[in-house]
Amino acid sequence: MTRISVSVDGTSYTDEVEPRMLLVQYLREQLGKTGTVIGCDTSNCGACTVHLEGRSVKSCAMLAVQADGHEVTTIEGLAVDGQLHPMQQAFHEQHALQCGFCTPGMIMQSIDLLNDNPNPSDDEVRHGLEGNLCRCTGYQNIVKAVQAAAGGAS
């Protein structure tokens, strides 16, 4: 076992973990952060995307021990005082989800996308999200949601 100290959604945790435990497993199984979804376990789908020090990472491709000493934000950590994050609100308003399975990872990646490019074109949104897969929506409303969150709803 290895001791890690990590801040998740603004709360500090110190836990013993198996050295080979994935970050997604730690978040879900030890911390109960079940909004972070296990999709493919191969980093192809992006459903497990979280922020590490403000940057999106696929938590199924990262060991929990690699998060030691770092700040992790999950989908559960975005809303503040009952107010949805602007990206969460945009996904809701633009009907950018159907089954919802990909939504947490899609939102986390979309926030990172806007941090890098606050005014992306539709093509730039699509390119920025290409590591996150959705089987239901056809992506059009996801693009609209990202544009709405950026302030330029198309």
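A short tour of the structure in this document, coming up.

So, how was this worked out
Residues numbered from 1 in each chain as written. Predicted model: local features only at pLDDT ≥ 70, side-chain atom pairs only at ≥ 80, totals over all residues. Heavy atoms only, no water. Helix = DSSP H or I, 4+ residues; strand = E, 2+ residues; numbered from the N terminus. Pairing = 2+ DSSP bridges. Axes fitted to C-alpha atoms, helices over the stretch in contact; angles between N-to-C directions. Contact = heavy atoms within 4.5 Å. Core = buried A, V, L, I, M, F, W, Y, C linked by side-chain atoms within 4.5 Å. Buried < 20%, exposed > 50% of the residue type's maximum accessible area, 1.4 Å probe, protein only. Arc of directions from axis to C-beta. Salt bridge = Lys/Arg side-chain N within 4 Å of Asp/Glu carboxyl O.

With that settled, the discussion passes to unusual backbone geometry. Trans peptide bonds make up most of the peptide bonds, and negative phi angles are found at most residues other than glycine. With a phi angle near 55°, D9 is a residue other than glycine that sits in the positive phi range. Relative to the assigned elements, D9 resides in the loop between strand 1 (2-8) and strand 2 (11-17).

Hydrogen bonds between backbone atoms are what pair the strands of a sheet, whose relative direction is either parallel or antiparallel. Across the sheet, 5 strands lie side by side as 2-1-5-3-4; this open sheet has mixed pairing. Of all the strands in the sheet, just strand 2 and strand 4 (55-58) have a single pairing partner and so form its edges. Between one strand axis and the next, the sheet turns through 40° on average, direction left out of account. In the sheet, strand 1 pairs with strand 2 via 7 bridges, with the strands oriented antiparallel. Within the sheet, the bridge partner assigned to R3 lies in strand 2 and is E16. Strand contacts of helix 1 (residues 23-30): strand 1, strand 2, strand 3 (49-52) and strand 5 (71-73), with the helix running at about 105° to strand 2, the strand carrying the most contacts. Its contacts with the sheet put helix 3 (residues 103-116) on strand 3, strand 4 and strand 5, and the angle it makes with strand 3 is roughly 45°.

Bringing the nonpolar core into the picture now. One finds M87, F91, M106, I107, L129, I142 and V146 to be the most contacted residues of the largest nonpolar core, which totals 20 residues. At the level of elements, helix 2 (86-93), helix 3 and helix 5 (140-150) are the ones that each hand at least two residues to this core. For this core, the leading source of residues is helix 3, giving 6 residues. If sequence neighbours within four positions are ignored, F91 has contacts with A96, L97, T103, M106, I107, S110, I142, A145 and V146. Counting residues in hydrophobic clusters, the runner-up holds 15 residues, among them L27, L31, V50 and V72.

As consecutive antiparallel partners, strand 1 and strand 2 are separated by 2 residues, and within that stretch D9 has a phi angle of approximately 55°, a positive value. Pairing of strand 1 with strand 5 involves 2 bridges; the strand directions are parallel. From the neighbouring strand, V8 faces strand 5, where its bridge partner is V72.

Moving on, we come to helix 2. Buried within helix 2 we find M87, Q88, A90 and F91. Projected onto a plane normal to the axis of helix 2, the buried residues spread over an arc of 160° and lie on a single side. When the buried face of helix 2 is taken as reference, the exposed residues oriented beyond 90 degrees from it are P86 and H92. Structurally, helix 2 contributes buried residues whose contacts are with helix 3 and helix 5. Among the residues trailing helix 2, H95 stands out with phi positive, at a value near 55°.

Attention shifts here to the pattern of salt bridges. Note that side chains of opposite charge can pair when their charged atoms are close. If you walk through the whole model with that rule in mind, you get 5 salt bridges. With a closest N to O distance of 3.0 Å, K33 and D9 form a salt bridge. One end of the pair, K33, is in the loop between helix 1 and strand 3; the other, D9, is in the loop between strand 1 and strand 2, and 24 residues separate them in sequence. An identical accessibility class is assigned to K33 and D9; each is buried. Across the salt bridge formed by D116 and R55, the nearest N and O atoms sit 2.7 Å from each other. Of this pair, D116 sits in helix 3 while R55 sits in strand 4; the two residues are 61 residues apart in sequence, bridging distant segments of the chain. Owing to a relative accessible area of 40%, R55 belongs among the partly exposed residues under this scheme. Salt bridges sharing partners connect three or more residues here, namely R55, D112 and D116.

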